Each structure stands twice: as structure tokens, then as C-alpha cells.
Amino acid sequence: MLPARFEYHRPTTLDEALALLAEHGDDAKVLAGGQSLIPLMKYRFSSVGHLIDVNRIPGLDGIEESGGVLRIGALVRHNQLVASDVIALSSPTIAAAAPQIADPLVRNLGTIGGSLAHADPSGDLGSVMLAVGGSVVLRTTGGEREVPVKDFIVGTFQTSIEPDEMLTEVRVPTAGARSGGTYLKLERKVGDFATVAAAVCLTLDNGSIGDAGIGLTSVGLANLKAEAAEAALRGASPDDEAFAEAGRLAAEASSPASDVRGSEAYKRHMVDVYVRRGLARAFEMAGAA
Ligand SMILES: Cc1cc2nc3c(=O)[nH]c(=O)nc-3n(C[C@H](O)[C@H](O)[C@H](O)COP(=O)(O)OP(=O)(O)OC[C@H]3O[C@@H](n4cnc5c(N)ncnc54)[C@H](O)[C@@H]3O)c2cc1C
């Protein structure tokens, strides 16, 4: 099918893009990699009067680390995350997830900003950001605000972004010394969306678990942050018993639906397995660090 009629804008500066959003608001959409938006428009699940293609705006595709904060521009493609030494050094959870997103063609075009703004419960980067405590920077012509991803994702394909706001940057606390993290994804075939996936990270503090993060993919109406499991891990001894309890609590917090990919019980069981396994791997990495 062909998309409904729309006006195409191709701003070359951020100010120009923000002015277009301010002018057209509810009737406009930002076009980044187009990997989710274009199919939606073609099937007419989405139609907008104004499409604002932000791909020609310079300065939105950088990856930098300074002062314990990793800054990732909204237009950074999934494949840039895969190839980045800064990501490999600063965030093992992002580094583990990026090569598992979709297939090489989609990874060449899809962006981190588009992925988070799309808020697909099966999206990988939302869960990663919930685990690592990431936040997004939202800009308007009047200024900017920083919103933790746990407050940004509010439901299925729903975020707290306002119609005149553009997501410009993702900020993530750098994984410190004695930290580890990973992303475990069950998919029917390579390149598929997750049947179940778990993002985990963990930091050791004097032999105990200082902090831990767990995000879950495809097991609820949105990416889920397993807060009870995270709380149980804080201050605990990093052993099989603590990881098993976290796995149990994460499975309890998930609410998967039975479908062609698996039954609810199977998916819940896989959450338990992946959280336990992921934490053990993160602990190994933290010990080695
Ligand atoms: C075949 C296929 C397989 C896939 N498999 C996976 C997978 O396994 N895991 C996974 O996580 N994803 C997967 N995806 C989705 C992919 O990661 C997309 O790239 C991503 O969801 C959207 O990013 P995008 O840059 O293409 O955004 P677009 O499609 O351009 O936009 C998506 C939405 O975000 C909004 N938006 C985009 N950028 C901004 C911005 N800077 N500020 C405000 N709003 C913005 C748009 O207006 C639109 O509503 C798959 C996609 C395809 C086509």
C-alpha cells in the first residue's frame, strides 16, 4: 500500500527541525531510520500531515564518554553501537545487545532515538536503558529536559514525549570498575524480535552487590524494569542463591502473553533462566574487571 499524502520536510539544522515541530505539533512526525515509521505509514496504521526527516542534521550521531556519562546522539545507528570502542568500554550491556537487534540491513538504518521513541515492548534498547539507568534528552525551541527512560516509556508504543519535542540524546551512566553486564535474547531465528530477552548489569561493592539493573523485553505491555528483583540484589552476596531469587522475582513481575512464539509459562520460565544466567555472567565480568 502507499502511505497517505504528507508534506516532506528535510531540515539541515536542529533549530529548523524544532521550529517545524513547534509549528505542526500533533500533525507531524520525526523520521529517523524509518524502519518502524515507514511500514506503519505504508499500512496506514499511522498517517501524518508533515514528515520531518532529521537525517541531514549534523551533530546528532556522536558517541562520547566524559565524567562518568556516556552520551549517544539520537541518530546513532544500531551498527554504530556495535562498532564503537567507547560503547565496548563504557557499557557492556549495550555492547551485548546491539549486535542482536534485527538484521544487518535494519541495523544500518535504525537509530537509538527512533527505537526508544517507538517504545515497542519487543524493542531491545528500551530494556537495556531500563537496566543501565539511561535517560533521554528532549528538546523544544524553548529548551530541553532530561527524562529517565523508566518515566519516558509509559505504555505500548507510548512515551511521555510532547508533540513539539524531539529526542536528541541518550545519556547512560558509565559502567564503573567492578561492573559487568549482558543481554540475553531468545529469538525464533537470527534477526527476529525477541520471544523473551533480559538486560542485566551489576556492580560489586566490597564483595557485595552494590547496584543491579534488570530490564525485560517482550514480556509485558512495555519494556519492564524488574524493580523488586533489583532491590533484592542490592547489598546481597553475589551468589547463586541471590541470582535465583532475582530470577524468580523478575519472572513474577513479567506478564507475557501466550502466542505462536511460546506459552505464557514458557516465557516466564525463560525470564527466570535468563536473569539468573545474565547475573552470573555479569558477576564473572565484574570480578574479572
Ligand atoms: C525487519 C525488522 C526487524 C526488526 N527487529 C528488531 C529487533 O530485533 N529489535 C529491536 O529492538 N528493533 C527491531 N526493529 C526495529 C528497529 O530497531 C527500528 O530501527 C527502530 O524501532 C526504530 O528506529 P528508526 O530510527 O528506524 O525510527 P523511525 O522508524 O524513523 O521512527 C520510529 C518512531 O520514532 C519517532 N522518532 C524517531 N526518531 C525520533 C527522535 N529523534 N525524536 C522524536 N521522535 C523520534 C518517529 O516519529 C516514529 O514515531 C526491527 C525492524 C524491522 C524493519
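To be clear, the structure that these remarks concern was listed above.
This section reports on the structure supplied with the text. (Residues numbered from 1 in each chain as written. Predicted model: local features only at pLDDT ≥ 70, side-chain atom pairs only at ≥ 80, totals over all residues. Heavy atoms only, no water.)

1. What to know about the overall build of the chain
A count of helical and extended segments in the chain gives twelve helices and 14 strands. Dimensions of the chain, computed from C-alpha atoms along their principal axes, come out at roughly 55 × 45 × 30 Å. Of the contacts made within the chain by residues no fewer than 6 positions apart, 62% connect residues no fewer than 24 positions apart. Entry remark: accessible area of the chain is about 13,100 Å², with carbon and sulfur atoms responsible for 51%. Across the chain, the mean location of the 26 positive side-chain charges is 6 Å away from that of the 36 negative side-chain charges. (Helix = DSSP H or I, 4+ residues; strand = E, 2+ residues; numbered from the N terminus. Contact = heavy atoms within 4.5 Å. Areas by Shrake-Rupley, 256 points an atom, 1.4 Å probe, with all protein chains shown as cover. Lys, Arg positive; Asp, Glu negative; His and termini not counted. Charge placed at Lys NZ, Arg CZ, Asp CG, Glu CD.)

2. A closer look at the layout of surface pockets
By volume, the largest pocket amounts to about 1,400 Å³. Taken together, 50 residues form the lining of the largest pocket, with S36, L37, G114, A117 and H118 sitting closest to its centre. Counting only elements with at least two residues in the lining of the largest pocket, the list comes to β2 (28-31), α2 (37-42), α7 (112-118), β9 (158-159) and β10 (166-173). With five residues, the single largest contributor to the lining of the largest pocket is α7. When the residues that make up the lining of the largest pocket are grouped by side-chain class, the tally is 23 nonpolar, 18 polar and nine charged. Put simply, the second largest pocket is a space of about 320 Å³. Lining the second largest pocket are 25 residues, and of these A131, V132, C201, T203 and D211 sit closest to its centre. Of all the elements in the fold, those that place two or more residues in the lining of the second largest pocket are α5 (92-97), α8 (124-132), β10, β11 (179-186), β12 (196-205) and β13 (208-217). Broken down by class, the residue content of the lining of the second largest pocket amounts to ten nonpolar, eleven polar and four charged. (1 Å grid on protein atoms, 1.4 Å probe; cavity = no way out; pocket = protein on both sides within 12 Å on 5 of 7 lines; lining within 4 Å. Points joined across faces, edges and corners; volume = space filled by probe spheres on them. Nonpolar A, V, L, I, M, F, W, Y, C, P; charged D, E, K, R; others polar.)

3. Section: empty space enclosed by the protein
Using the criterion set out here, one finds one cavity of 30 Å³ or more in the structure. There is about 40 Å³ of room inside the largest cavity. Forming the boundary of the largest cavity are S115, L116, A119, D120, G123, D124, L125, G126, I153 and N223. Looking at the lining of the largest cavity, the elements with two or more residues in it are α7 and α8. With three residues, α8 is the largest single contributor of residues to the lining of the largest cavity. When grouped by side-chain class, the residues that make up the lining of the largest cavity number four nonpolar, four polar and two charged.

4. Quick notes on the sheet that holds β2
An order of β1-β3-β2 is seen for the three strands of this open sheet, with the pairing classed as parallel. Two strands in the sheet have a free side with no partner beyond their single neighbour: β1 (7-9) and β2. Across the sheet, the mean angle separating the axes of adjacent strands is 25 degrees when strand polarity is ignored. Pairing geometry for β1 and strand β3 (residues 50-53), over three bridges, is parallel. The residue bridging H9 from the neighbouring strand is I52, located in β3. (Pairing = 2+ DSSP bridges. Axes fitted to C-alpha atoms, helices over the stretch in contact; angles between N-to-C directions.)

5. Side note on the environment of L2
With respect to the secondary-structure elements, L2 resides in the segment before β1. Ignoring anything within four residues of it in the chain, the contact list for L2 reads K42 and R44.

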